Amino acid sequence: MTRPPTATGSESLLIRSARVIDPVSGLDATRDVLIESGQIISIEDAIIADADRVIDASGKVLSPGLIDPHVHLRDPGQTHKEDIASGTAAAVAGGFTTVCCMPNTDPCLDRPEIVEYIRAKTEREGHCRVFSVAAATQGRKGKRLAEIELCDKAGAVGYSDDGDVIESASMMKTVLQTVKTTGKAFMQHCQELTLTKGATMHAGSVAMKLGEKGWPREAEELIIERDIRLNRTIGCRYHIQHMSSGNSVELVARAQADGIPVTAEASPHHLHLTHEAIESHGTLAKMNPPLREQSDLDALREGVADGIITILATDHAPHHSDEKRNPMCDAPFGIIGLESAFSLYHKALVETGHIDLPKLIELMTINPAKLCNLDKCGMGSLAVGGPADLTLIDPDHSWTLGDEHLVGKSVNTPFLGWSLGARPVMTIVGGQIKWEA
Ligand SMILES: [Zn+2]
C-alpha cells in the first residue's frame, strides 16, 4: 500500500491571481489558492484570508506539483554522483514535488529494507517526496523474483529492473503475472542484449563514421513486441521506459488499440537530440537507449501529440565528470535532467505546437501519478483537501541553462548554454516552499 503523503507545512500560503491549471478537473482559470497545514484549503475567484505569506502570481501558471516517475538518485551506493538530499534539491529546482527512484543502487533496491531506507532518508534529508520503484528480480539479475509482495507492503510504487532488461521471456512472464497481483505497473528498460553487446550509440551513419559499435532500433522493438505478446493474456500494467525508436511508437499504438494495458514515456534528450550530438558532445550524448535520428525524434513528438506517449520522464542519470571523461567505450550512459526538464519539454512540444500547456502539465502530473498509483492519495491534481504539492510556472520566462542552475552533485548534460523559455519558479511540497527562483 502506498503511504499517503503526510501534511508537512504548518505555515499558511495565499497564492493570488494565478492561472490555475488542473487537468483532472479541467480547471484553467484565474484563481486564488489558500494552503494551510500542508493541504489545499480553498480554490476560489477571490479569497479573503490572513496568511503567513501572500504570493502575487499574476501572469504565472499554478500547476499540480510535477512528478518524475524515472530518476536515478544513486542512493545507496554511489553517493559521490548523487544522493537523496542532492537529487531532491535538483528535483525541486526543476519544479518537481515527487520523484520515483530506480532500483539500480548498491545494494539493489530489491527488498523492503531498502524501500524503508529510502523512505526514512527522504524524511530526514529530502526536499521533495521520493517513492521507490523496486527491482522485479533479485539484484536485477533476471534469474529469481525479488521480494515483490514485501516491497509492495513497504511502499514500492512500481517494479523495474531498469538499467537492465529482463532478458528471459520465461522470467518476464512470471514478472508480469506477479506484478499484476500488486496492481502496480512493471516498467521495462527495452534492450535485446545480443544485438547491443559493446554498443555505445545508435547503429547509423555516425557510428559507422566514428567506428563505434551500434545499438540498433530493433533491439528496443523486439523487447516491446515480445512483452506485448506475453502481456496480451496476462494484462499486467506494462510501461515502456525512455522510448527511443519511432517504430516503437507504432507498436505501442497498436497494442493500445487492442486494449492491452501499455503506456510509454519519452525523455528530454530523445525529444531534442539525434546521434549527431555524439560528434559535438562526445560522451555527454552517450545514452541508453541511444539518441537516434531525426525521423525517430519526429515520431516521438508525434506520439506525444497523438496521445500514444502519455508520460514524460527525465531518466535523470548523474555521473561524475571523471567517469564521463573516459573514452566512449568506457564512459557510463546517461545524463542529468531534473533542473532543465520542464523547459526542454516545453521547447520540444509546446513551442512547436505539438501540444498545449495544459496537456504538458497533464503529462507531467496526473499521468505519472496514475502510473505509480499516486493519484490514489490525491497526488497529480489540485483539489480542496488534497496535498498542497504545487508548482508555479512562469510561461514567459526566458533563460539560458548554465552551471548556476545545476544544483545536484553531477553536471553531465549536453544542454548547457541552451536558450530556454517557460520555467518553474516556485516549488511547494506539502504546503512548504522548498525552492524559488
Ligand atoms: Zn533504462
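Owing to the predicted nature of the structure, the values given are computational and were not obtained by experimental measurement. (Residues numbered from 1 in each chain as written. Predicted model: local features only at pLDDT ≥ 70, side-chain atom pairs only at ≥ 80, totals over all residues. Heavy atoms only, no water.)

A.B. asks: How should the environment of A89 be read in this particular structure?
C.D. replies: Following the sequence through the fold, A89 ends up in helix α1 (residues 84–93). Through-space distance from the C-alpha of A89 to that of E339 is 9.2 Å; in sequence the pair is 250 residues apart. Here A89 is in contact with H127 and V407, once residues within four sequence places are set aside. (Helix = DSSP H or I, 4+ residues; strand = E, 2+ residues; numbered from the N terminus. Contact = heavy atoms within 4.5 Å.)

A.B. asks: What's the story with the sheet that holds strand β7 (residues 96–101) in this structure? I'm lost.
C.D. replies: Pairing between the strands of a sheet is mediated by backbone hydrogen bonds and can be parallel or antiparallel. Here we have eight strands laid out as an open sheet, ordered β6-β7-β8-β9-β10-β13-β14-β15, and parallel in their pairing. Pairing within the sheet leaves two strands with one partner each, and these edge strands are β6 (66–71) and β15 (311–312). Pairing of strand β9 (residues 158–160) with strand β10 (residues 185–188) involves two bridges; the strand directions are parallel. For S160, the partnering residue across the bridge sits in β10 and is M187. (Pairing = 2+ DSSP bridges.)

A.B. asks: So what exactly am I meant to see when it comes to unusual backbone geometry here?
C.D. replies: The phi angle of most residues is negative, glycine excepted, and most peptide bonds adopt the trans form. The residue after D75, namely P76, is reached through a cis peptide bond having omega 10°. Among the secondary structure elements, P76 is positioned in the loop between β6 and α1. Residues D106 and P107 are joined by a peptide bond in cis, for which omega reads 0°. Unusually for a residue other than glycine, S17 sits at a positive phi of about 60°. Residue position: S17 is located in strand β1 (residues 13–22).

A.B. asks: Hey, could you run me through the pairing of strand β5 (residues 61–64) in this one?
C.D. replies: Looking down a regular strand, the side chains alternate between one sheet face and the other. Relative to β5, β1 is paired through two bridges, and the arrangement is parallel. By the bridge assignment, R19 is partnered in β5 with V61. In terms of strand pairing, β5 meets strand β16 (residues 390–394) through four bridges, oriented antiparallel. Opposite P64, over in β16, you have L390 as the bridge partner.

A.B. asks: Could you clarify how one ought to interpret the coordination of the zinc ion in this entry?
C.D. replies: Six octahedral donors around a metal ideally sit at 90 or 180 degrees from one another, while four tetrahedral donors ideally sit at 109.5 degrees. Only D162 (OD), H189 (ND1) and H242 (NE2) from the protein reach the zinc ion as donors, at distances of 2.0 to 2.3 Å. Along the chain, the residues donating to the zinc ion fall in the pattern D-x26-H-x52-H. Note that D162 is positioned in the loop between β9 and α4 (169–182) and H242 in the loop between β13 (237–240) and α7 (246–257), a separation of 80 residues in sequence. You'll find D162 and H242 in the same group, each marked buried. (Donors = N, O, S within 2.8 Å, 3.2 Å for Na, K, Ca; no water. Buried < 20%, exposed > 50% of the residue type's maximum accessible area, 1.4 Å probe, protein only.)

A.B. asks: Can you help me understand the packing of aromatic side chains in this one?
C.D. replies: For any pair of aromatic rings, the description rests on two quantities: the centre-to-centre distance and the angle between the ring planes. Considering all chains together, one arrives at two aromatic pairs under this definition. For the pair F186 and Y238, a centre-to-centre distance of 6.5 Å together with 25° between the ring planes defines the contact as stacked. Taken as a pair, F186 in strand β10 and Y238 in strand β13 lie far apart in primary sequence, 52 residues in all. One exposure class covers both F186 and Y238, and it is buried. Between the NZ or CZ atom of R423 and the centre of the ring of W399, over which it lies, the distance is 4.2 Å. (Phe/Tyr/Trp six-rings, centres within 6.5 Å; stacked < 30°, edge-to-face > 60°. Lys NZ or Arg CZ within 6 Å of the ring centre and 35° of its normal.)

A.B. asks: Is there a simple way to explain the environment of A383 in this structure?
C.D. replies: Inspection of the secondary structure assignment puts A383 in the loop between α14 (366–371) and β16. Counting along the chain gives 342 residues from A383 to I41, while the straight-line C-alpha distance between them is 8.6 Å. In contact with A383, not counting residues within four places along its chain, are I40 and I43.

A.B. asks: For this particular structure, what's the right way to read α7?
C.D. replies: An α-helical segment advances 3.6 residues per turn. Residues three or four places apart therefore align on the same side. Taking 1.5 Å per residue as the helical rise, α7 with its twelve residues ought to reach 16 Å, and the 17 Å between its terminal C-alpha atoms agrees with that figure. Every buried residue of α7 is listed here: G246, S248, V249, L251, V252 and A255. The inward-facing, buried residues of α7 abut α6 (217–234), β13, β14 (262–266) and α10 (294–305). Directly after α7, the chain includes G259, whose backbone phi takes a positive value near 85°. (Expected span 1.5 Å × (residues − 1).)

A.B. asks: Where do I start with the nonpolar core in this structure?
C.D. replies: Counting 75 residues, the largest nonpolar core has V99, Y159, F186, I240, M243, L312 and L360 as its most contacted members. Per-element tally for this core: the top contributor is helix α12 (residues 341–350), with six residues. Those residues within four positions of M243 in sequence are excluded, and the remaining contacts are E220, I224, S248, V249, V252, A264, E265, H270, L300 and I309. Counting 19 residues, the second largest nonpolar core, distinct from the first, contains L27, I43, L392 and V425. (Core = buried A, V, L, I, M, F, W, Y, C linked by side-chain atoms within 4.5 Å.)

A.B. asks: In this structure, what is going on with the pattern of salt bridges? I would like to understand it.
C.D. replies: When charged atoms on two side chains of opposite charge get close, those side chains can pair. A full pass over the atoms with the stated rule returns 22 salt bridges. Salt-bridge contacts for R111 lead to D110; the nearest nitrogen and oxygen are separated by 2.9 Å. One connected set of salt bridges, linked through shared partners, spans D110, R111 and E113. (Salt bridge = Lys/Arg side-chain N within 4 Å of Asp/Glu carboxyl O.)

Purely spatial values, then, with no claim about function.
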